[in-house]
Amino acid sequence: MSRCLRCGSLLTEENWHPSRRRTYYKICKSCYNKEATKTPEQQKVYRDKHPEKRQFWNRKQKLKNKIEVLSHYANPLKCAMCGETDIIVLSIDHINGGGRKHMAEVGSGDSFRYWLKRNNYPEGYQVLCMNCQLRKLNKHLYSILPEVVDMNNYNQKGDENGI
Ligand SMILES: [Zn+2]
Ligand SMILES: [Zn+2]
């Protein structure tokens, strides 16, 4: 079930033009006609007036892309170490390190995920939550912990997760 991106009305055979249906351009006939009669200048005015619509669309696309890319590395989608499933805090980890250097070259976040997709999901990556990313990054600190904290009252998740 699809809805018009402009007015939110349900898209049907009647009000969704076949050519736009093919390209999955979600806009109903009446909204399309309204837009088609606008000059480029008027269209720009509309865009400038409603930046939130573009932003909403962009965010949705990026989130969809994140889920798609991460699902290639974890299915079901969860952290490889602790099992966290909240997509918002999950990320791609370079299993053998070198992530910082690599992402300086190809970009981080969304750019990095688009890079993985463009390169057909190369091996050497896994899904970790941000907590486990930090645990992995700071694993050398776990051996020092007993010297600075009372381990009887310390919940050492990193050790539990075999980092
Ligand atoms: Zn519409
Ligand atoms: Zn985790």
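A quick note: this is a predicted structure, and the numbers were derived from the prediction, not measured.

Novice: Can you lay out the overall build of the protein for me, pointing to particular residues and giving the numbers?
Specialist: Within the protein one finds nine helices and two strands. The secondary structure elements of the protein, listed N-terminal to C-terminal, are α-α-α-α-β-α-α-β-α-α-α. Relative to the compact-globule value of 15 Å for 163 residues, the protein shows a C-alpha radius of gyration of 23 Å, a clear excess of over 25%. Across its three principal axes, the protein shows a C-alpha extent of roughly 70 × 35 × 30 Å. Relative to its full complement of 163 residues, the protein shows a buried share of 12%. In the protein, 52% of the contacts between residues at least 6 apart in sequence involve partners at least 24 apart.

Novice: Any details on the domain arrangement of the protein? Residues and values, ideally.
Specialist: The domain boundaries assigned to the protein delineate domain 1 (1-40) and domain 2 (41-129). Using C-alpha coordinates to define each centre, domain 1 is positioned 28 Å away from domain 2. Contacts between domain 1 and domain 2 engage four residues on the former and four residues on the latter. When the residues that make up the side of domain 1 that touches domain 2 are grouped by side-chain class, the tally is one nonpolar, one polar and two charged.

Novice: Describe the nonpolar core, naming the residues involved and giving the relevant values.
Specialist: It is characteristic of soluble globular proteins that their nonpolar side chains tend to be buried jointly. With 13 residues, the main nonpolar core has Leu 70, Cys 79, Ile 92, Val 127 and Leu 128 as its most contacted residues. Of all the secondary structure elements, the ones that give two or more residues to this core are helix H4 (51-73), strand E1 (90-94) and strand E2 (125-129). Ranked by residues supplied to this core, first place goes to E2 with four residues. Leaving out residues up to four positions away in the same chain, Leu 128 has contacts with Cys 79, Ala 80, Met 81, Ser 91, Asp 93, Gln 133 and Lys 136.

Novice: Pulling in residues and values, what's your account of the packing of H4 against helix H6 (residues 109-118)?
Specialist: Across the interface, H4 lies against H6 with an axial gap of 10 Å and an inter-helix angle of 50°. By the angle class used here, H4 and H6 are oblique. For the pair H4 and H6, the sense of crossing is left-handed. When H4 is examined against H6, the residues Lys 62, Asn 65, Lys 66 and Val 69 are found in contact with a partner set consisting of Asp 110, Arg 113, Tyr 114, Leu 116 and Lys 117. When grouped by side-chain class, the residues that make up the contact of H4 with H6 number three nonpolar, one polar and five charged.

Novice: I'd like a rundown of the pairing of E1, residues and numbers included.
Specialist: The element E1 is extensively covered by neighbouring structure, given that four of its five residues are classed as buried. Examined bridge by bridge, E1 and E2 share five bridges and lie antiparallel to one another. Within the sheet, the bridge partner assigned to His 94 lies in E2 and is Tyr 125.

Novice: Please set out the environment of Ile 67 residue by residue, giving values where relevant.
Specialist: Mapped onto the elements, Ile 67 comes out in helix H4. C-alpha separation for the pair Ile 67 and Ser 143, spaced 76 residues apart in sequence, amounts to 35 Å.

Criteria and cut-off values
Residues numbered from 1 in each chain as written. Chains lettered and ligands numbered in written order. Predicted model: local features only at pLDDT ≥ 70, side-chain atom pairs only at ≥ 80, totals over all residues. Helix = DSSP H or I, 4+ residues; strand = E, 2+ residues; numbered from the N terminus. Rg over C-alpha atoms; globule rule 2.2 N^0.38 Å. Buried ≥ 20, exposed ≤ 12 C-beta atoms within 10 Å, placed from the backbone. Contact = placed C-beta atoms within 7 Å. Domains from an automatic or database assignment. Nonpolar A, V, L, I, M, F, W, Y, C, P; charged D, E, K, R; others polar. Core = buried A, V, L, I, M, F, W, Y, C linked by C-beta atoms within 7 Å. Axes fitted to C-alpha atoms, helices over the stretch in contact; angles between N-to-C directions. Parallel < 35°, antiparallel > 145°, perpendicular 65-115°, else oblique. Left-handed = near helix turned anticlockwise from the far one by under 90°. Pairing = 2+ DSSP bridges.

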